[in-house]
Amino acid sequence: MGLSETVDLDDFRAAMSRLAAGVVLITAHDSEDEPRGEDVGMTATAFLSVSLEPPLVMVSVREGSRMDDLLERQPRWAASILSESQRHIAGRFAMRGRISDRLLFEDISYYRGEHSGAPVLGGALAILECETQQRVPAGDHTLVVGRVLTARTPSADGGPLTYFRGRYRYLR
């Protein structure tokens, strides 16, 4: 294939939809918004472990999104690895043109992370609190590499929520 040829975006999207991914809720607290600040969240399927020493993870966020802008000035954030019973949460935080973040958190069980100040979901399979170490521009996304400050596995029940062929799925 010559350099002048490009991959058809529909073909690329279809090929990548065959890669099963775990589903994670990325959260951060925006202390600059309003008097008490505001919590911000986004569903991510492009999330992975990068290194054990030091412990690093990476999440891909859409360039110019609310989360991208916030993580540029707020280095601490959290990742809640969703269980199969949290599909509704994944869908809620993945909507485009959605309602305000404050309303998204309104009826969800969460607590504030000790190291990040970010909302951490109750019932998640695992919780990671992170501090951004590096931001890498990558096409229409930003790769955010975070050093893990704390890792917990509060819920041993249930399986992971996965994303495959454009839909949330459960492992059987």
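Please refer to the structure placed before this passage.
About the criteria used
- Along each chain, the written sequence defines residue order, and numbers are assigned to residues from 1.
- Where totals are concerned, whole chains, interfaces and linings use all residues; where local detail is concerned, this predicted model gives features only for residues with pLDDT of at least 70, and gives and counts side-chain atom pairs only at 80 or more.
- Side-chain figures throughout are based on the complete set of non-hydrogen atoms in the structure, without hydrogens or water.
- Per the convention used, a helix needs a DSSP run of H or I reaching at least four residues, while a strand needs a run of E reaching at least two, with both numbered from the N terminus.
- Put simply, the radius of gyration uses C-alpha atoms, and a globule should come to 2.2 Å times the residue count raised to 0.38.
- The criterion used for residue contact is that any of the two residues' heavy atoms lie within 4.5 Å.
- In these tables, accessible area is a Shrake-Rupley quantity obtained with a 1.4 Å probe, and a residue counts as shielded only by the protein chains included in the view.
- In this tally Asp and Glu are treated as negative and Lys and Arg as positive; neither His nor the chain ends contributes.
- Note that the charge is assigned to NZ on lysines, CZ on arginines, CG on aspartates and CD on glutamates.
- Only one rule defines a salt bridge in this text: a Lys or Arg side-chain nitrogen within 4 Å of an Asp or Glu carboxyl oxygen.
- To sort residues, take the accessible area from a 1.4 Å probe on protein chains only and compare it with the maximum for the residue type: under 20% means buried, over 50% means exposed, and anything in between is partly exposed.
- Paired strands, as defined in this entry, are two strands with at least two bridges between them according to DSSP.
- The convention used is that axes are lines fitted to C-alpha atoms, helices contributing only their stretch in contact, and that angles between N-to-C directions extend from 0 to 180 degrees.
- Among the buried residues, those of types Ala, Val, Leu, Ile, Met, Phe, Trp, Tyr and Cys that are joined through side-chain atoms within 4.5 Å form a nonpolar core.

Here we come to the overall build of the chain. Each helix and strand in the chain was counted, giving four helices and 12 strands. A compact globule built from 172 residues would reach a C-alpha radius of gyration of about 16 Å, and the chain, at 16 Å, matches this within 12%. Structurally, the chain occupies a C-alpha span of about 55 × 40 × 40 Å along its principal axes. Within the chain, contacts between residues at least 6 apart in sequence are counted, and of these 63% link residues at least 24 apart. Within the structure as shown, the chain displays about 10000 Å² of accessible surface, and the carbon and sulfur contribution to it stands at 52%. Distance between charge centres in the chain, computed from 20 positive and 24 negative side chains, equals 6 Å.

We now examine the pattern of salt bridges. In total, this model carries nine salt bridges according to the counting rule given. With a closest N to O distance of 3.2 Å, Asp 10 and Arg 13 form a salt bridge. In this pair, Asp 10 and Arg 13 both sit in helix H1 (residues 9-16), three residues apart, roughly one turn of the helix. Asp 68 is the partner of Arg 135 in a salt bridge, and the nearest nitrogen-oxygen pair spans 2.7 Å. With Arg 135 in strand S9 (residues 126-138) and Asp 68 in helix H2 (residues 66-73), the pair connects residues that are 67 residues apart, well separated along the chain. Its relative accessible area of 26% is what places Arg 135 among the partly exposed residues. Taken together, the shared-partner salt bridges connect Asp 30, Glu 38, Arg 66 and Arg 73 into one network.

The next thing to look at is the sheet that holds strand S12 (residues 167-170). Pairing in this open sheet of three strands is antiparallel, and the strands run S1-S11-S12 from one edge to the other. Of all the strands in the sheet, the pair left with one neighbour each is strand S1 (21-22) and S12. Here two bridges tie S1 to strand S11 (residues 161-164), and the two strands are oriented antiparallel to one another. Opposite Ala 21, over in S11, you have Tyr 163 as the bridge partner. Where helix H3 (residues 87-94) meets the sheet, its contacts fall on S11 and S12, and the angle it forms with S12 comes to roughly 160 degrees.

With that out of the way, let us pick up the nonpolar core. Ranked by internal contacts, the top residues of the largest apolar core, which has 19 residues, are Ile 26, Phe 47, Val 59, Met 67 and Trp 77. Elements supplying a minimum of two residues to this core: strand S2 (24-30), strand S3 (38-44), strand S5 (56-62), H2, strand S6 (76-81), S9 and strand S10 (141-152). Setting aside residues no more than four positions away along its own chain, Ile 26 makes contact with Val 40, Gly 41, Met 42, Ala 44, Phe 47, Val 59, Met 67, Trp 77, Ala 78 and Ala 79.

Pairing analysis gives four bridges linking S2 to S6, with the strands arranged antiparallel. By the bridge assignment, Val 24 is partnered in S6 with Ile 81.

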